[in-house]
Amino acid sequence: MWNISPNRTLIEAVQKSKICSIDRERITTGTAMSLLHLFIVSVIQGVTEFLPISSSAHLILLPHLAGIQDQGVMIDVSVHLGTLFAVIIFFWADAKQALIGLFHLLRGQKHTPQGHLALALIIATIPAVIVGLILKITGLADSMRDSVALIGATMAGFGVVLWWYDTRSPAVAEAKDWTLRQAFTLGLWQALALIPGTSRSGITITGARRMGYTRESAARISMLMSIPTIIAAGALEAIDVLPHATAAQWQEAGIATVFAGLSAFVALGLMMRLLKSVSFTPYVIYRVILGLGLIVWAYI
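Residues numbered from 1 in each chain as written. Predicted model: local features only at pLDDT ≥ 70, side-chain atom pairs only at ≥ 80, totals over all residues. Heavy atoms only, no water.

Q: Teacher, can you tell me more about the nonpolar core here?
A: The nonpolar side chains of a soluble globular protein tend to be buried with one another. Ranked by size, the top nonpolar core spans 43 residues in total, and within it Phe91, Trp178 and Met271 carry the most contacts. Residue assignment for this core shows that the elements contributing at least two residues are helix 5 (73-90), helix 6 (92-106), helix 7 (113-138), helix 10 (180-191), helix 11 (200-210), helix 12 (215-241), helix 13 (247-274) and helix 14 (281-298). Ranked by residues supplied to this core, first place goes to helix 12 with eight residues. Counting nine residues, the second largest nonpolar core, distinct from the first, contains Met33, Leu38, Leu62 and Ile75. (Core = buried A, V, L, I, M, F, W, Y, C linked by side-chain atoms within 4.5 Å. Buried < 20%, exposed > 50% of the residue type's maximum accessible area, 1.4 Å probe, protein only. Helix = DSSP H or I, 4+ residues; strand = E, 2+ residues; numbered from the N terminus.)

Now the structure itself:
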């Protein structure tokens, strides 16, 4: 087993894989973003990436609700890189153990605590990778991303599911008890976040609470699961956009990375601290209010 201590994902890459006219225009013309725009996008991503309120939904809705230009894939890659740095630094002790475990696996040492952790994270990532690629190939990811009503429904609906399991499940298991079978099951839960508005962190925390993990342990497992999916997402998006990026966009990317990383680190610290005394109910209330509001907005 393994020990956990405190320290835009493939899912969101699929949701935001629409590298079409808006993104290509920003790549080829070098259209500049204002510092305020960069700051808003980066902070939204940083704050919502690890809170159970769906970062992808907020970034998808931002251009619709604020009437501003879509930030483009280059900035998406940058803000995800920032949040990746934040979660690795915050959970550095465990990220290091997972990296050591990866080398253990390469040497066939899967029964070490480090090897178990690395293998669990790999297994937990597989379902989302498979389902995500299927959705991208079939084009279903784009159609779901464009539905404000769907985002509203998943925001509210999965928020209620989180509340249900958080208030009714026992809190007896610790993160060190995470098994490989549970890792695969949580991977299936994570695949549900391919539906925009679900929230990757929210749905994996829901699954872990259903399994009886304490709130803090459920959040820790969810955060560690985000590392391989963020890496996969960044790689998937970077392959398409980096060869076309301009010097100005590289500068924007650096600024966005810093803003997102700092805001994500602060959000992680606050959430992990609050979970010692507060449930997930405040996040659920926010999700339900926003989700119902989006449904109404979609049909008026």
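Q: Explanation requested: the pattern of salt bridges in the structure shown.
A: A side chain of one charge can pair with a side chain of the opposite charge if their charged atoms are brought near each other. Enumeration over the complete set of coordinates arrives at four salt bridges. Put simply, aspartate 177 and lysine 176 hold a salt bridge, and the shortest N to O gap is 3.4 Å. On the accessibility criterion, aspartate 177 (32% relative accessible area) is partly exposed. Between arginine 220 and glutamate 216 there is a salt bridge, with its nearest N and O atoms 2.9 Å apart. One end of the pair is arginine 220 and the other is glutamate 216, both in helix 12 and four residues apart, which spans about a single turn. What makes glutamate 216 partly exposed here is its relative accessible area of 22%. Residues joined in a network through salt bridges with shared partners are Asp166, Arg209 and Arg215. (Salt bridge = Lys/Arg side-chain N within 4 Å of Asp/Glu carboxyl O.)

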